[in-house]
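Okay, here's what each chain looks like letter by letter:
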Amino acid sequence: MYGLYMARELHPNGVVYFSQDTHYSILKIMQVLNMRNIMIKSLGNGEIDYEDLHETIRINRDVPVIIMANIGTTMKGAVDDLVKVREILQDLVITRSYIHSDAALSGMILPFVSDPQPFGFDAGADSLAVSGHKLIGSPIPCGVVLTRKEYVARIARSVEVVGVMDTTIPGSRNAWTPLLLWYALERYGEEGFRELVSGMLAVAEYAEERFNDSGLPAWRNPNSVTVIFPRPPQDVMTKWQLAPHRDIAHLITMPHVTRDMVDELVDDCLAAVQV
């Protein structure tokens, strides 16, 4: 919401472009902010369809472009290619644009891998959001949003009653969740998170191989801990609290997910198929 709010303040008549794999909350946010928006088709792996994006922006190139980029989609863990998005904007000579990176989960994965997809300010993002209750593991839903200082200055308002410049949406903020995030960062450190991410990716690779070796086609996007496989019967879905979408389900190998758990899940899926 903060990223799109910032984009709206910079480009009041801009159009938001987002893929059909974008988190459902984005539609609600755009409705709350009363922002004009256009949904773009997704590729099979969950990335935004760059040809559809190019053509749709071309048709509407007279208004500012606001890109809602997914840095790890909810269902497939896909990362929209900001380099390709920037190339589209350059090709169409778009001079007024804003890119927000929704890096809820992958924002804490990509910094700790050897060959990350570009997703930050160095790749052209204007704002970036990361969840604190996903990989970091805060027991209270929270997150961190980053944007450029000059953008924040545009929305800053002096509030006499509290004696500070307000740059937030709600005004008041939770003082407890920053302590939880600080504690996690102090506990793990950069190397600790690198080891954590390495272990998650190793289990994801194992799960992908285990499913495929068992005859259940599975796949995942690069640097993703989201393993996609055929949707199993409801009893398996219920036991493992799997998230489905049409004919697929996914397993997200968070730090608590072990290889033994993967083996049991695969066995359950196989047993259900045989029945």
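Parameters at a glance
Residues numbered from 1 in each chain as written. Predicted model: local features only at pLDDT ≥ 70, side-chain atom pairs only at ≥ 80, totals over all residues. Heavy atoms only, no water. UniProt positions renumbered as here; feature names shortened; annotations may be inferred. Helix = DSSP H or I, 4+ residues; strand = E, 2+ residues; numbered from the N terminus. Contact = heavy atoms within 4.5 Å. Polar contact = N/O pair within 3.5 Å; in protein donor to acceptor, adjacent residues only side chain to side chain. Axes fitted to C-alpha atoms, helices over the stretch in contact; angles between N-to-C directions. Parallel < 35°, antiparallel > 145°, perpendicular 65-115°, else oblique. Left-handed = near helix turned anticlockwise from the far one by under 90°. Nonpolar A, V, L, I, M, F, W, Y, C, P; charged D, E, K, R; others polar. Pairing = 2+ DSSP bridges. Expected span 1.5 Å × (residues − 1). Bend = angle between axes of the 7 residues up to and from the residue. Core = buried A, V, L, I, M, F, W, Y, C linked by side-chain atoms within 4.5 Å. Buried < 20%, exposed > 50% of the residue type's maximum accessible area, 1.4 Å probe, protein only.

## A short note on the UniProt feature "modified residue: N6-(pyridoxal phosphate)lysine" (unreviewed entry) in the protein
What UniProt calls "modified residue: N6-(pyridoxal phosphate)lysine" (unreviewed entry) maps, in this numbering, to K134. Turning to its location among the elements, K134 is positioned in the loop between β5 (127-131) and β6 (143-147). Beyond its immediate stretch of four places on either side in the chain, K134 contacts A104, L105 and M254. Here the side chain of K134 touches S131 through a polar contact of 3.2 Å, side chain to side chain.

## Considering the packing of helix α6 (residues 176-213) against helix α8 (residues 259-274)
Relative placement of two packed helices is described by the angle separating their axes and the distance separating the axes. Following both chains from N to C, one finds α6 and α8 inclined at 25°, their axes separated by 10 Å at the closest point. By the angle between their axes, α6 is roughly parallel relative to α8. By crossing handedness, the relation of α6 to α8 is classed as right-handed. Between α6 and α8, the residues in contact are A202, V203, Y206, A207, R210 and F211 and R259, V262, D263, L265, V266, D267 and C269, respectively. For the contact of α6 with α8, a count of residues per class yields 9 nonpolar, no polar and 4 charged.

## What to know about the sheet that holds strand β9 (residues 226-230)
With antiparallel pairing, the 3 strands of this open sheet are ordered in space as β9-β11-β10. Pairing within the sheet leaves two strands with one partner each, and these edge strands are β9 and β10 (243-245). With direction set aside, neighbouring strand axes in the sheet form an average angle of 30°. Lying on the sheet, α6 is in contact with β9 and β11 (248-252); it crosses β9 at an angle near 15°.

## Observations concerning α6
Three- or four-residue spacings in an α-helix give side chains the same orientation, since the helix completes a turn every 3.6 residues. The end-to-end C-alpha separation of α6 is 46 Å, well short of the 56 Å expected for 38 residues at 1.5 Å each. At G189, α6 shows its largest bend, some 80°.

## Quick word on the environment of V130
With respect to the helices, strands and loops of the structure, V130 is situated in strand β5. A sequence separation of 26 residues divides V130 from A104, and the C-alpha atoms of the two residues are 4.2 Å apart. Apart from residues no more than four positions distant in its own chain, V130 is found in contact with A103, A104, G107, M108, G143 and V144.

## Some remarks on the nonpolar core
By size, the foremost hydrophobic cluster in this structure holds 24 residues, and its most contacted members are M108, I109, L135 and V197. Among the elements that line this core, the one with the most residues is α6, at 7 residues. Dropping the residues within four chain positions of it, V197 is found in contact with M108, I109, F112, V113 and L135. Formed by 20 residues, the second largest nonpolar core is a distinct cluster that contains V15, I40, V85 and I88.

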